Amino acid sequence: GKNALAAVGSSTSVIYLLIAFSQGASVGAGVVVSQYLGARKKKETEDAVHTALAISVILGVILTIGGVLFSRRLLLWMHTPEEVFDGAVLYLQIYSGGLLFNVLYNMAAGILNAGGNSKRSLIYLAYASVTNIILDLVLIRGFGMGVEGAAIATDISQVVSSVLATGYLMRVKADYRVSLRKIKIHRQMAGRIVKIGLPTGIQNMVISLSNILVQSSVNGFGADAVAGFGAYLKIDGFNILPVMSISMAVTTFTGQNYGAGKPERIWMGVKVSALMMIIYWAFTFCVLMLGARTFALLFVEASELEILKDTELFLHISVSFFPVLGLLCILRYTIQGAGYTNLAMLSGVSEMIARVLVSLYAVPAFGYLAVCFGDPTAWIAAVLFLVPAFIFVYRRLLRMRREQRV
């Protein structure tokens, strides 16, 4: 039903907020590991991997406790509609119970990706996805557990992915192999990971806070709008994943070539990634422009015409700006891979400012349509910052290369 869809949808931005910082830490760890692998420094790679996993356990425990304790307060602050509030709290609290495994998997996947072994991450995530789907069918359709069943299914699938990924790290014959007895905080290495990961974590949290502001704006339009926004997030999130995956690959590619002292290959990676992104956008633009309502029917009853209309409008506007999003992600993750995470963080601040301005001024003036343009406006603002930032970083890398040769 639409209230259950709205309850899960209204929790999404809070979930992003909860895991934002840990994702930043995993990016920081991945950059450090990839740079050491590129420089062929085995001891430093080993210390970075074990420190990263220790950090992930600590963060996971903190986020689990925080999510369970503060879910209700966050949803109240967001003015979640009364008819979906209890379901949203229930979903968010149960989901938070599995955050430790979410953080652990992200860190393990970051290490695997840093080693160029992203295929393993994909395989383990596929196992988790199949587990999630089966449990959704059993718990929601079979036992009628609603949002509670959806949250439990997600938690169990996260356990599966984290166990498989960390188990492989303990078996792999590579410099990033994990030994349980070596998992501890190496102070100097932790400082390097935090130095790179902290700005990324702050950047993710800033973006997540601005998304919460957008969600609050949507909540003001009632349960139908919240349900439409929830359906949009599910469909749009699925279609954005290839763009995000290309961008994450850029991080590893940049980090390894930075460590190896080959900045020219970094520029090559940016151009190839941009080309792949444009080809993908042309495909997904046609699919979503023609089939947005069909995809929305996966989540919404055919009789809910208002929700379908809201979902379709969101998707059409979003996919039209995918090239901007793609450029944003490629440039941001390239800058992060080179270790200039402070600049990447400032691009997140640009996004936040744009979303705040849309929520404060455009939404009251233009209503729901302005909410639909919240993300594209934020993407444009970030790109306007990232283009000169990338030029600065790339020129600096070339200068460093010339100085090393001399």
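Summary of the structure given here. (Residues numbered from 1 in each chain as written. Predicted model: local features only at pLDDT ≥ 70, side-chain atom pairs only at ≥ 80, totals over all residues. Heavy atoms only, no water.)

1. Looking at the environment of P242
At step 1: Locating P242 in the fold gives a position in helix α8 (residues 223–259).
At step 2: Along the backbone, P242 and Y280 are 38 residues apart, and their C-alpha atoms lie at a distance of 8.0 Å. (Helix = DSSP H or I, 4+ residues; strand = E, 2+ residues; numbered from the N terminus.)

2. Considerations on the nonpolar core
At step 1: Among the nonpolar cores identified, the biggest contains 109 residues, and L75, Y91, I111 and I335 are the most heavily contacted of them.
At step 2: No other element matches the 16 residues that helix α1 (residues 2–38) contributes to this core.
At step 3: Among residues more than four places away in sequence, those in contact with Y91 are V8, S11, I15, V147, A150, A151 and T154. (Core = buried A, V, L, I, M, F, W, Y, C linked by side-chain atoms within 4.5 Å. Buried < 20%, exposed > 50% of the residue type's maximum accessible area, 1.4 Å probe, protein only. Contact = heavy atoms within 4.5 Å.)

3. Focus: the side chain of N102
At step 1: Position of N102 relative to the elements: it lies in helix α4 (residues 99–114).
At step 2: When its relative accessible area of 10% is taken as the criterion, N102 is described as buried.
At step 3: Residue contacts for N102: discarding those within four places in its chain leaves I19, Y95 and Q158.

4. A few points about the side chain of N113
At step 1: For N113, the location among the structural elements is in helix α4.
At step 2: Using a relative accessible area of 19% as the deciding quantity, one classes N113 as buried.
At step 3: Those residues in contact with N113 that lie beyond four places of it in its chain are S118, S121, M248 and T252.

5. Things to note about the pattern of salt bridges
At step 1: With the rule as written, the count across this model stands at six salt bridges.
At step 2: Among the salt bridges present, the one from E351 reaches R332, with a minimum N-O distance of 2.5 Å. In this pair, E351 is assigned in helix α12 (residues 341–366) and R332 in helix α11 (residues 322–337), connecting sequence segments 19 residues apart.
At step 3: In this structure, the salt-bridge partner of E351 is R355, at a minimum N-O distance of 3.2 Å. With E351 and R355 both in helix α12 and four residues apart, the pair spans about one turn of that helix. A single burial state applies to E351 and to R355, both of which are buried.
At step 4: Salt bridges linked by common partners bring R332, E351, R355 and D375 together as one network. (Salt bridge = Lys/Arg side-chain N within 4 Å of Asp/Glu carboxyl O.)

6. Examining the packing of aromatic side chains
At step 1: Within this structure, the stated rule accounts for nine aromatic pairs.
At step 2: Ring geometry for Y232 versus F314: centroids 4.5 Å apart, planes at 25°, classification stacked. With a gap of 82 residues between them, Y232 in helix α8 and F314 in helix α10 (residues 305–320) connect regions that are remote in the sequence.
At step 3: The exposure class assigned to Y232 is buried, which follows from its relative accessible area of 2%.
At step 4: With relative accessibility at 2%, the residue F314 sits in the buried group.
At step 5: With a centroid separation of 5.4 Å and an interplanar angle of 50°, the aromatic rings of W281 and F285 are classed as tilted. Of this pair, W281 and F285 are both found in helix α9 (residues 263–296), four residues apart, which corresponds to roughly one turn of the helix.
At step 6: Judged by relative accessible area, F285 falls into the partly exposed class, the value being 28%.
At step 7: Grouping aromatic residues by their ring pairs yields a cluster made of Y232, F314 and Y368. (Phe/Tyr/Trp six-rings, centres within 6.5 Å; stacked < 30°, edge-to-face > 60°.)

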